[in-house]
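Residue-level listing of the chains:
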Amino acid sequence: MPEHETAAPVVRLGGGVVAVPLAGTLDGARGRAVAETLPQAVVEQGARCAILDVTGVPSADPPAVRQLLRTVAAVRLTGTECVVCGIRPAVAQAVVRLGLDVRTVVTRTSLDDALAYALRRLSSGAGER
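Since we're looking at a predicted model, the values are computed, not measured.

Calculation rules
Residues numbered from 1 in each chain as written. Predicted model: local features only at pLDDT ≥ 70, side-chain atom pairs only at ≥ 80, totals over all residues. Heavy atoms only, no water. Helix = DSSP H or I, 4+ residues; strand = E, 2+ residues; numbered from the N terminus. Rg over C-alpha atoms; globule rule 2.2 N^0.38 Å. Areas by Shrake-Rupley, 256 points an atom, 1.4 Å probe, with all protein chains shown as cover. Lys, Arg positive; Asp, Glu negative; His and termini not counted. Charge placed at Lys NZ, Arg CZ, Asp CG, Glu CD. Salt bridge = Lys/Arg side-chain N within 4 Å of Asp/Glu carboxyl O. Buried < 20%, exposed > 50% of the residue type's maximum accessible area, 1.4 Å probe, protein only. Pairing = 2+ DSSP bridges. Axes fitted to C-alpha atoms, helices over the stretch in contact; angles between N-to-C directions. Contact = heavy atoms within 4.5 Å.

Each helix and strand in the chain was counted, giving five helices and five strands. Starting at the N terminus and ending at the C terminus, the chain contains elements arranged as α-β-β-α-β-α-β-α-β-α. Here the C-alpha atoms of the chain give a radius of gyration of 13 Å, agreeing with the 14 Å that 2.2 N^0.38 yields for 129 residues. C-alpha atoms of the chain, sized along the principal axes, occupy 35 × 35 × 25 Å. Split by element, the accessible area of the chain, about 6600 Å² in all, is 55% carbon and sulfur. Computing the positive centroid from 14 side-chain charges and the negative centroid from 12, the chain places the two 6 Å apart.

Given below as structure tokens:
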């Protein structure tokens, strides 16, 4: 298994939803791993919603934050909705300090909340490809 797949595992949750649970410091290498893994996985698995769970990420360096937001945009370009959940205050502050545009990023407080959101969206037809 390539290293980037273990750094950013994509887990099928069912119902057209996949998740990438991240834990530990998010640096440039892990950001690139998510960027390489997630868009490809959503297409291969036919996912209609992808959840980036950063609950276990206490801090992230600026290049990784930028890469994560570019990955959200790349996933959306494949026709898959992307939800980011579990953003800790330090990571949120890093995003704000960078002045990044997050108006189109869907966020939820927890994985449970993100999954419920995704399933509601998919059941309403909003996540159709």
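Moving on, there is more to tell.
In this structure the tally under the stated criterion is two salt bridges. The residue Asp101 makes a salt bridge to Arg103 at a minimum N-O spacing of 2.9 Å. We note that Asp101, like Arg103, is exposed.

Our focus in this paragraph is the sheet that holds strand E5 (residues 106–108). Backbone hydrogen bonds hold the strands of a sheet together, and the pairing may be parallel or antiparallel. The strand order across the open sheet built from five strands is E1-E2-E3-E4-E5, with neighbouring strands paired in mixed fashion. The strands lining the two open edges of the sheet, one partner per strand, are strand E1 (11–14) and E5. In this sheet, adjacent strand axes meet at a mean angle of 30° when their direction is disregarded. Bridging between strand E2 (residues 17–23) and strand E3 (residues 49–56) involves six bridges; their strand directions are parallel. Note that in E3 the partner of Val20 across the bridge is Leu52. Across the sheet, helix H2 (residues 28–45) is in contact with E1, E2 and E3; its angle to E2 comes to roughly 165°.

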